[in-house]
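# Close look at the chain arrangement
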Amino acid sequence: MNETLSAQFERLRKTYMESCFGRLNPVQLQAVFATRGPLLILAGAGSGKTTVLVNRIANLIRFGDGYSAPAPAGITGEDVARLQQIVETGGRPDERLEKLLAHWPVYPYHILAITFTNKAAGELKNRLSDMLGQAGQEVNASTFHSACVRILRREAERLGFPRSFTIYDTDDQQRAMKEVYKQLNVDDKFLPVKSAMGAIGRLKDQMISPKDALATGKDVRSGLVARVYEAYQKRLQKAGAFDFDDLIYFTVCLLQDFPDVREYYQDRYRYILVDEYQDTSVAQFQLVYLLAGPERNVCVVGDDDQSIYRFRGATIENILNFEQHFPGAQLIRLEQNYRSTANILNAANCVIRHNQARKGKTLWTQNGEGAQILHYEADSELDEAAHIASVIGRHVREGARLRDHAVLYRMNAQSGPVENYFARAGIPYKIVGGQRFYDRKEIKDMLAYMSIVANPQDDLRLRRIINEPARKIGAATVQAVADLAAGRAGAMLDVIAHLEEYPQLHRASSALGGFYRVYTQLRAAADSLPLDEFTAQVMEITGYRAMLEAAGEEGQTRLENIGQLVSSVKTYADQRGPEASLAGFLEEVALISDIDSYNEDADVVVLMTMHAAKGLEFDYVFIVGLEEGIFPSEMSRYSEEDLEEERRLCYVGITRAKKELYLSSAHARMLFGQTKHNKPSRFLEEIDPRLIRHEESASAVRMRAAREAYLQRQNAYLDRSYNRGVSASGSWNGAAYAAAGRSTPASSARPRAAAAGAPGRSFGPASSIRASQAAGGPGAGRSSGPAPYQSGDHVEHKVFGRGTVLKVTPVGGDHIVEIRFDTAGVKKTMANYAPLRRLDE
DNA sequence: ACTAGCCACTTTTTT
DNA sequence: AGTGGCTAGT
């Protein structure tokens with residue numbers, strides 16, 4: 001009798017649980033309910049893997065770990081009847097029923113979800129708290145680095161580091177490394193500092209200690225790397241600092257060497273989920289492995305085709321060998337794509353098919369075929385930018401929003417031309433990546449002052465600002481202090497605090513004393529003021545403000561940046577409330593990246609690298625620079641493995657697009673001050689020609705027409721010459737340019753109205769006529785001199801449509817035109833560059 | 001100790 | 001092309 005009730009309840013429970021996740025497809029459901037043991041989810045791009053992760057966690061919390069576990073004891077007929085009713089007619093279970101349903105409960109704080117970026121972690125948290133309320137907040141969702149920081153903050157002392165350790169960023173690392181080079185007398189011609197840093201980073205990714213490296217280093221170079229590594233590590237330890245790689249490395253050491261620590265965290269994190277598993281390193285794998293413990297409740301989600309961080313130690317083997325690392329692992333493939341049109345998805349499939357090293361899967365979609373992919377062959381990077389602007393303009397006029405558009409490129413240096421064109425055309429945009437806000441000199445200086453308050457051992461940060469602004473503390477003095485500190489195995493600040501004990505510092509004592517007074521004032525301010533006021537005081541106490549105010553215009557922008565820093569401190573303090581601390585803020589800053597602050601609410605076009613775009617999606621995507629030597633990059637040309645990584649990057653780029661995809665290449669491209677003529681990328685050829693439409697720039701069409709005309713004349717001439725027995729001479733190339741009435745493409749260094757014209761039309765005679773009209777139209781005759789527009793003029797802008805000129809201000813041969821657009825509001829544009837024309841009536 | 005001018009170098013991607 | 005780091009000169 002009881003047995004039957006249990007069985008009935010069990011059946012109903014499953015039905016009910018499945019109905020709770022009713023919006024998922026059967027494979028996704030399977031992934032949600034596979035709660036026990038190791039699980040590998042191979043999730044293709046756009047397959048809804050975040051949804052699966054969120055629902056999987058929600059299921060663990062709400063229904064516990066026991067989808068297929070036996071039903072709990074004590075089920076009554078009434079329970080069964082009530083559940084039956086809920087399954088059939090809806091409604092919510094009461095408390096008793098809810099408990100019975102979750103009879104193997106999992107508490108949120110036992111769940112650790114590790115993501116790649118802070119942004120992804122934040123998103124996960126948001127979605128969880130939307131679904132689960134308070135319980136969602138209690139799930140531990142963080143990045144590898146921040147999870148490790150949290151562990152190290154508790155346990156660092158076991159490894160001989162202070163709990164208040166500092167985190168060194170790349171710049172700090174480089175400084176530390178330079179000091180090591182000096183100390184060991186290493187010539188950086190033989191081993192550039194950056195390659196040493198890279199090599200050491202890779203060693204740490206593989207959990208190779210300085211000792212191991214010294215023992216195994218075979219050739220001269222790796223022997224030197226090992227020696228540098230050892231000295232560098234000593235230096236960091238003395239400064240009480242970890243670099244990024246150390247955060248993972250030392251956490252793994254901790255878990256390996258201290259069984260009690262290991263057991264504590266294994267007990268703490270009983271369910272582990274890892275996102276973007278294809279981008280994990282050996283060290284990160286070991287971290288996951290150690291945390292998972294004997295229970296092995298590890299769920300990793302990844303896509304081997306989207307592994308794009310091999311260069312910094314990610315190893316695709318982690319995902320390829322998951323089933324060997326965790327025997328008995330379940331494998332679930334999510335292959336249905338919900339994001340892109342069939343054309344876009346198929347193009348991505350075409351490209352990735354050319355890779356050898358992959359698990360192999362083919363994404364499919366029920367979405368419609370969608371528009372063809374467009375390949376635009378531009379003259380130059382400027383023409384390329386202009387083309388993008390005109391397409392965006394068309395979309396915006398048709399009702400799309402700017403923020404639905406993204407421009408993706410291989411390297412940050414490619415953003416320049418697009419940025420310039422957009423800025424001049426008045427198209428609002430935002431660049432993600434490149435130089436981070438927190439990497440600016442003035443910000444780093446301010447943070448260095450704050451760091452030495454938080455961690456007085458931090459000699460490196462101290463050196464950075466001890467004479468900034470200038471305090472007459474020269475290199476010789478700094479070195480003397482450093483030597484004395486080394487002599488007593490202490491920090492430089494200890495020496496500075498006890499100047500009277502060191503007669504050899506007598507000459508510099510007033511300067512050093514002055515610095516020490518600054519330091520004590522900073523400490524006092526930190527102790528007595530709220531965090532943001534303290535930050536604002538830093539620039540006062542240190543004289544930094546005075547220095548910048550004396551520096552004129554540039555100092556002004558730097559001051560503004562510091563102002564931004566103060567406000568971000570305030571934001572942090574407001575968010576964290578009583579938990580906010582100086583160390584906490586510095587830590588957050590150290591681990592933050594630009595993509596984390598990317599805010600999709602602003603209605604602007606987004607520009608970023610394809611790496612930064614991973615995990616994002618946009619209706620309209622432009623991938624620029626599809627040229628051999630750029631994408632795939634020059635570096636990858638000779639290595640098959642590197643090429644495959646480039647191809648995966650291309651796959652990532654393509655699969656960001658939901659509705660339309662625009663690929664472009666340029667005949668001539670100026671990059672790093674040199675003009676290059678690159679062949680179109682092999683990736684273009686890998687796409688089935690039926691999926692893609694090619695379009696040439698207007699001037700290329702003209703050029704070809706000119707060339708054909710020339711050849712015709714030449715032929716006619718040859719015919720005549722032949723009759724007369726004379727041979728022809730001359731190059732068609734120059735003549736063709738001359739016939740087209742333009743300079744060579746390389747010298748056309750400005751965006752032109754002509755280039756901005758002719759969007760999205762099939763090429764051929766019609767397009768060439770259109771283009772030449774545009775060239776003689778709005779762009780003509782307004783280079784400088786009298787104002788091309790007056791207030792009151794009615795104008796039309798390629799992107800913003802019609803509007804009225806409010807104000808015209810001359811600036812250096814050009815004019816700023818302020819326009820009130822009918823639909824887009826008030827914008828400022830540059831007369832010579834904006835795709836703008838006057839409407840004469 | 002500071003400044004100016006030079007040079008070299010950058011540029012693959014980032015926590 | 002632009003920047004930043006370094007040297008040499010003051």
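Please refer to the structure higher up on the page.
Below you will find a few notes about this structure. Since this is a predicted model, take the numbers as computed values, not measurements. (Residues numbered from 1 in each chain as written. Chains lettered and ligands numbered in written order. Predicted model: local features only at pLDDT ≥ 70, side-chain atom pairs only at ≥ 80, totals over all residues. Heavy atoms only, no water.)

### With respect to the overall build of chain A
The condition is simple: The way it works is that DSSP assigns letters per residue, a run of H or I at least four long becomes a helix, a run of E at least two long becomes a strand, and they are numbered from the N terminus. Note on exposure labels: buried denotes an accessible area under 20% of the residue type's maximum, exposed denotes more than 50%, and partly exposed covers the range between, all computed with a 1.4 Å probe on protein chains only.
Scanning chain A from N- to C-terminus turns up 36 helices and 24 strands. The burial tally for chain A puts 53% of its 841 residues in the buried class.

### A few points about helix α9 (residues 170–184)
Applicable threshold: To estimate the expected span of a helix, count its residues, drop one, and scale the result by 1.5 Å. Here a residue-residue contact requires only that any non-hydrogen atoms of the pair lie within 4.5 Å. Polar contact is defined as a pair of N or O atoms within 3.5 Å, subject to the rule that within protein one atom must be able to donate a hydrogen and the other to accept it, and that residues adjacent in sequence are counted only when both atoms are side-chain atoms.
The end-to-end C-alpha separation of α9 is 21 Å, in line with the 21 Å expected for 15 residues at 1.5 Å each. Every buried residue of α9 is accounted for by Asp172, Gln173, Gln174, Ala176, Met177, Glu179, Val180 and Tyr181. If you follow the buried residues of α9, they end up packed against β4 (166–168), α10 (193–205), α12 (220–239), β5 (241–243), α21 (441–454) and α22 (459–465). With a side-chain oxygen positioned 3.0 Å from the backbone nitrogen of Asp171, the residue opening α9 is Asp169.

### A few points about the environment of Leu112
Turning to its location among the elements, Leu112 is positioned in strand β2 (residues 111–115). Look at Leu112 and you get buried, because its relative accessible area is 1%. A sequence separation of 28 residues divides Leu112 from Asn140, and the C-alpha atoms of the two residues are 4.8 Å apart. Each residue touching Leu112, except ones within four places of it in the same chain, is listed here: Asn140, Ser142, Tyr269, Tyr271, Ile272, Leu273 and Leu291.

### With respect to empty space enclosed by the protein
This is how the line gets drawn: Whether a set of points on the 1 Å grid over the protein atoms alone is a cavity depends on a 1.4 Å probe fitting there but being unable to get out, while an open set qualifies as a pocket with protein on both sides within 12 Å along at least five of seven lines; lining residues are those with an atom within 4 Å of a point. Grid points are joined across faces, edges and corners, and a volume is the space filled by probe spheres set on the points. Each residue is assigned to one of three groups, with Ala, Val, Leu, Ile, Met, Phe, Trp, Tyr, Cys and Pro labelled nonpolar, Asp, Glu, Lys and Arg labelled charged, and all others, Gly among them, labelled polar.
Taken as a whole and judged by the stated rule, the model has 6 cavities of 30 Å³ or more. Approximately 270 Å³ is the volume found for the largest cavity. What lines the largest cavity is a set of 21 residues, among which Ile167, Ser451, Arg461, Leu586 and Ala590 lie closest to the centre. Of all the secondary-structure elements, those providing two or more residues to the lining of the largest cavity are β4, α21 and α29 (582–591). Top contributing element to the lining of the largest cavity by residue count: α29, with 5 residues. Of the residues that constitute the lining of the largest cavity, the class distribution is 10 nonpolar, 4 polar and 7 charged.

### Some words on the state of the cysteines
By definition, a disulfide links two cysteine residues through a covalent bond between their sulfur atoms. Operational definition: Any two cysteine sulfur atoms within 2.5 Å of one another count as a disulfide.
This structure, assessed with the given rule, holds 0 disulfides. We note that Cys148 lacks a disulfide partner, and the nearest cysteine sulfur, in Cys253, lies 11 Å from it. Of the residues examined, Cys148 reaches a relative accessible area of 1% and is grouped as buried.

### Quick look at the pairing of strand β7 (residues 298–302)
Selection criterion: Only strands that DSSP links by at least two bridges are regarded as paired with each other. Here is how to tell: hold the view so the strands point away, follow the path from the first strand over the helix to the second, and if it runs clockwise the crossover is right-handed.
For β7, a buried count of 5 out of 5 residues is recorded, marking the element as mostly surrounded by other parts of the structure. Here β7 shows a buried face lined by Val298, Val300 and Gly302 and a second buried face lined by Cys299 and Val301. Where strand β1 (residues 39–43) lies against β7, 4 bridges are found, and the strand directions are parallel. Residue pairing in the sheet places Ile41 in a bridge with Val301 of β7. Inspection of the sheet shows strand β6 (residues 271–274) paired to β7 by 3 bridges, in the parallel sense. Counted as the bridge partner of Ile272 is Val298 from β7. A crossover links β6 with its parallel partner β7, the connecting element being helix α15 (residues 282–292), and its sense is right-handed.

### Looking at the packing of α9 against α12
Helix-helix packing: each pair is described by the crossing angle between the helix axes and the interaxial distance. Rules: For helices, the axis comes from a line fit to the C-alpha atoms of the stretch in contact; other axes are also lines fit to C-alpha atoms, and the angle between any two N-to-C directions lies between 0 and 180 degrees. By definition in this entry, angles of less than 35 degrees are roughly parallel, angles greater than 145 are roughly antiparallel, angles of 65 to 115 are roughly perpendicular, and the rest are oblique. Handedness of a helix crossing follows the sense of rotation of the near helix relative to the far helix, less than a right angle counterclockwise being left-handed and clockwise being right-handed.
For the pair α9 and α12, the least separation of the axes is 9 Å and the interaxial angle reads 120°. One finds that α9 runs oblique with respect to α12. The two elements α9 and α12 meet at a crossing, and its hand is right-handed. Every residue of α12 that contacts α9 at Gln173, Ala176, Met177, Glu179, Val180, Tyr181, Gln183 and Leu184 is listed here: Arg227, Val228, Ala231, Tyr232, Arg235 and Leu236.

### A few points about the pattern of salt bridges
What counts is decided by this rule: Salt bridges are counted wherever a side-chain nitrogen of Lys or Arg sits within 4 Å of a carboxyl oxygen of Asp or Glu.
Within the structure shown, the criterion is met by 53 salt bridges. Across the pair Lys441 and Glu468 runs a salt bridge, and its minimum N-O distance is 3.4 Å. In this pair, Lys441 is assigned in helix α21 and Glu468 in the loop between α22 and α23 (475–487), connecting sequence segments 27 residues apart. Note that Asp619 is salt-bridged to Lys658, the shortest N-O span being 3.8 Å. Separated by 39 residues along the polypeptide, Asp619 in strand β15 (residues 618–623) and Lys658 in strand β16 (residues 657–666) bring together distant segments of the chain. Lys658 sits in the partly exposed class, given a relative accessible area of 27%. Each member of the salt-bridge network shares a partner with another, and the members are Asp169, Asp171, Arg175, Lys441, Lys444, Asp445, Arg464 and Glu468.

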